[in-house]
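If you want the building blocks of each chain, they are given just below.
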Amino acid sequence: MFKRRMQLPTPRAAWLSPIIAMLGVAACASLPVASAQDFQKDIVPFLNKYCTDCHDAEQAKGHLNLEGFKDDSRFFKDQRIWREVVSQVVSGEMPPVKKKVRPTPAEIEHLQTSVHKLLAGAIAKAKPDPGDVTIRRLNRLEFNNTIRDLCFLDENFSADFPADDTGYGFDNIGDVLTFSPVHLERFLSVGEQIAAKAMPSAPNELDGTGLAMIEMLPKGRREQQQRFFDPAPYLTGPMEAPRDGDYIISVSLRSTGSPGDPTAKVAFLVDGVEVGNYQFKAIKKSEVAEAKVTLKKGKHEFTLKWLNPPAKIPGNARTLSGLRLRLLGPTDTRTELQRRLAPVIADKTGEPRAKIVANWFVSRAFRRPATGAELARYAKVFLDAEQASGKWEAGAQAMIAVVLASPKFIFRAEQDEKPTERDAHPIGEFALASRLSYFLWGSMPDDELFQLAYAGKLSANLEAQARRLLKDPRAQYLTQGFGLQWLQLRQLTTVSPDPSLYPKFSEGVRTSMMKETELFFAEVVREDRDVLDFLDGDFTYVDRQLAAFYGLNAEFPRGRDRGEFVRVKLPKGERGGILTHASILTATSNPTRTSPVKRGKWILEQILGTPPPPAPPSVPTLEGQQLKGNLRQRMEQHRSDPACSSCHSRMDAIGFAFEKFDGVGLPRTMDEGQPIDPAGKLSDGRTFAGVGELKQVLRKDGEKVVRNLSTKLLTYGLGRGLDYYDGPAIDKITESAMKSGNRFSSLVLGVVMSDPFRLRRGTSQIESGSNPAKK
């Protein structure tokens, strides 16, 4: 009994996943406090009758000795075990099916209520324990995002950094974010590159973008790369302004004609509005036409219009043609950092300028007010470099490079403003600002967060700020940082489906698969949808290539570019939600066949939060056994081994529901020449005929899905694995989310407002040795 997860009773994270709805915090609060006598009277008889024959001191199957529990004195710390006991008894997994004597519904209900009462009492007695704080290095994505918001450079500066290790499924876990000599070398080198780009010591040259005129519309006459205003007297195409500012539109045009013909005249239009015109000075000559325009950041439609063309253009001796339309600028060639610093510096020079620049940059880089000693140090670096070069920009550049190499920038260290406090207490306002911004944006706090932290008002406005950050475009980081890792979608980049078996799969399809799931997750975040839509949402995103792959050509609107993704409503059928995305189905398959085990295991781990234990090392693989029949029959023979049965009975039933999707997620009805049977039966007796009914079953288990997602988000938000003392927080987050219709924002707000997120340990909690062992 209780073999499934008691084999590896890891102190963090593992216990949280299988918590059932009956152990919610609200119900706990409504029950009377239990006592040691209650434990002996209500719990021990059940254990003696159904459990201790396998889980006593002598056998302790699964490394679990239930005979050793005599009272509720350690119930809070041991709650992982008791939650697991209740979960497996309620689900019907324990006692094992082979046991003839099984608990009655009344006995199971009594066990639930009794454990429930004990948990309520344990939580009521326990002081809040927010867990330990591990200093965290910025991971690669966080580094790039922070440089974007600190130095206003949006590039992949961490491309050559060593890969970030992962823990508990995520790459922002403090315990595993190591710092090697290679990291040191790369941080120093990249810091100098960033400083030189953000604060050049010499003015930048005017630069810009361009558009080949042969790509402009409408299509018409061309000679090699030369595009003519023929047949229409205008040409239109898009270009993008990298930021707000003044720009120059420039084009070299060649006109032809006969003596006496009027010289050409052209107009420049942006988004349909004329912004300038140019009159040619001669016929049969190339001239550069230009117009000045002020633009907002983003894409714009540019039109060149021939204002005095001949009445009939085709075949006429008068022509106008060109090669490339250019957008130069902004004409202010200062970098964004230089522009931001200009009003800070104003008319200051010398040491006052060095100090104010150091204070502004260092305080933002370190994500808290710079100390006097720090300001003196970095101002000196600034002044020394300025004196050596004669340019203040060189001084600022040298200072920036040194700051970016500092551990105070590279690592997120949270200073305890009340280091002598014995009990849990709020973290500092600046530490809270960083926790919030790195959780939702993967980047440093913005000006509004800094201002609230300086005023000591962030804690009082925490929920409102969390909502604001969620609505900001930078919250798309949750898709890349959290979503793809929760769904283990990065595995898709490493799978290699056999091209002879899956000829429709290609690298382009792989990229589109990934993008589909990214966009689906992003909509759940952006539109604040019910997170259970992950199971069966009736929409998806496809480009033309993926629409053809899925057979959704009828749903894909005409006139869209090949690489453009559009939202489509799915036709009635079994496809819907991320569970049937080709990305997930491909990532959980083998190169030459589907894998019901991988697919079932993925559902248990990533969706329900009830992972099976690792397979025993002595058990052979499916291919390593002499088994007969189709895949389902071979799997049934494989799990006839008692060592395999307990886990495979759970994984296989779920995994076979997806068998009507092949190894790359395409629909099928036959496998190995036989009709596919996707029906299954769960350990609690519930049955389903296929993936559609399975998704209905999972929706009815919505509390498990929400609780698992709560656990994952809290792990990600804290940057550490969870432990027993995080249980009350998970209960509160789950309960609050379910009351609000499982909205994604309610989960995020639950994490942000939780004790582990807002508090830090006191000296008594650290001294007591309650730090859990690290994974």
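None of the values given here were measured: they were computed from a predicted structure.

### A short note on the packing of aromatic side chains
Right, on to step 1. Across all of its chains, the model carries 29 aromatic pairs by this definition.
Right, on to step 2. Among the aromatic residues, those joined into a ring-pair cluster are Phe170, Tyr477, Phe482, Trp486, Phe520, Phe521, Phe534, Phe539, Tyr541, Tyr716 and Phe744.
Right, on to step 3. Sitting over the ring of Trp360, Arg364 keeps its end group 4.5 Å from the ring centre.
Right, on to step 4. Its guanidinium or amino end placed over the ring of Trp441, Arg474 lies 3.8 Å from that ring's centre, counting from NZ or CZ.

### Points about the pairing of strand S7 (residues 265–270)
Right, on to step 1. Where burial is concerned, most of S7 is hidden: five out of the six residues are buried.
Right, on to step 2. Bridge count for S7 against strand S8 (residues 273–279) is six bridges, and the pairing is antiparallel. What sits directly across from Lys265, in S8, is Gln279.
Right, on to step 3. The antiparallel pairing of S7 with S8 creates a hairpin that spans two residues between the two strands, and Asp271 there sits at a positive phi of about 55°.

### Here we look at the environment of Gly609
Right, on to step 1. Along the chain, the position of Gly609 falls in the loop between helix H21 (596–608) and helix H22 (631–638).
Right, on to step 2. In this structure, the C-alpha to C-alpha distance between Gly609 and Arg707, residues 98 residues apart in sequence, is 8.0 Å.

### Notes on the confidence of the model for the protein chain
Right, on to step 1. Chain-level statistics for the protein chain give a pLDDT mean of 89 and a share of 90% at 70 or above.
Right, on to step 2. Taken together, the stretch residues 1–34 has pLDDT below 50 and engages in 123 contacts with residues farther than four places along the chain or on a different chain.
Right, on to step 3. In this model residues 768–775 is a low-confidence stretch, pLDDT under 50, and it forms 16 contacts with partners more than four residues away in sequence or in other chains.

### Remarks on the environment of Lys408
Right, on to step 1. Tracing the chain through its elements places Lys408 in helix H12 (residues 407–410).
Right, on to step 2. Expressed as a C-alpha distance, the spacing of Lys408 and Lys99, which sit 309 residues apart in the sequence, is 59 Å.
Right, on to step 3. Ignoring any residue separated from it by four or fewer positions in sequence, one finds Lys408 in contact with Ala365, Phe366, Arg367, Arg368 and Glu374.
Right, on to step 4. Of the polar contacts made by the side chain of Lys408, one reaches the side chain of Glu374; its length is 2.8 Å.

### Let's talk about unusual backbone geometry
Right, on to step 1. Looking along the chain, the bond that leaves Asp230 and enters Pro231 is cis, with omega of 15°.
Right, on to step 2. Within the secondary structure, Pro231 is located in the loop between strand S4 (226–228) and strand S5 (234–241).
Right, on to step 3. In this structure, the amide linkage connecting Gly329 to the following residue, Pro330, adopts the cis form with an omega of 5°.
Right, on to step 4. Tracing the backbone shows Pro330 in the loop between strand S11 (319–328) and helix H8 (336–345).
Right, on to step 5. Backbone geometry places Arg367, a non-glycine residue, at a positive phi of 65°.
Right, on to step 6. Counting through the fold element by element, Arg367 comes out in the loop between helix H9 (350–365) and helix H10 (372–389).

### Some words on H10
Right, on to step 1. When the terminal C-alpha atoms of H10 are compared, their 26 Å separation across 18 residues agrees well with the 26 Å that a helix rising 1.5 Å per residue should span.
Right, on to step 2. Restricting attention to buried positions, one finds in H10 the residues Glu374, Tyr378, Ala379, Phe382, Ala385 and Glu386. Taken end-on, H10 shows its buried residues confined to a sector of 130°, consistent with a single buried face. Among the exposed residues of H10, those pointing more than 90 degrees away from its buried face are Gly372, Ala373, Lys380, Gln387 and Ala388.
Right, on to step 3. Structurally, H10 contributes buried residues whose contacts are with H9, helix H11 (392–404) and H12.

What counts, and where the lines are drawn
Residues numbered from 1 in each chain as written. Predicted model: local features only at pLDDT ≥ 70, side-chain atom pairs only at ≥ 80, totals over all residues. Heavy atoms only, no water. Phe/Tyr/Trp six-rings, centres within 6.5 Å; stacked < 30°, edge-to-face > 60°. Lys NZ or Arg CZ within 6 Å of the ring centre and 35° of its normal. Buried < 20%, exposed > 50% of the residue type's maximum accessible area, 1.4 Å probe, protein only. Helix = DSSP H or I, 4+ residues; strand = E, 2+ residues; numbered from the N terminus. Pairing = 2+ DSSP bridges. pLDDT = per-residue confidence, 0-100. Contact = heavy atoms within 4.5 Å. Polar contact = N/O pair within 3.5 Å; in protein donor to acceptor, adjacent residues only side chain to side chain. Expected span 1.5 Å × (residues − 1). Arc of directions from axis to C-beta.

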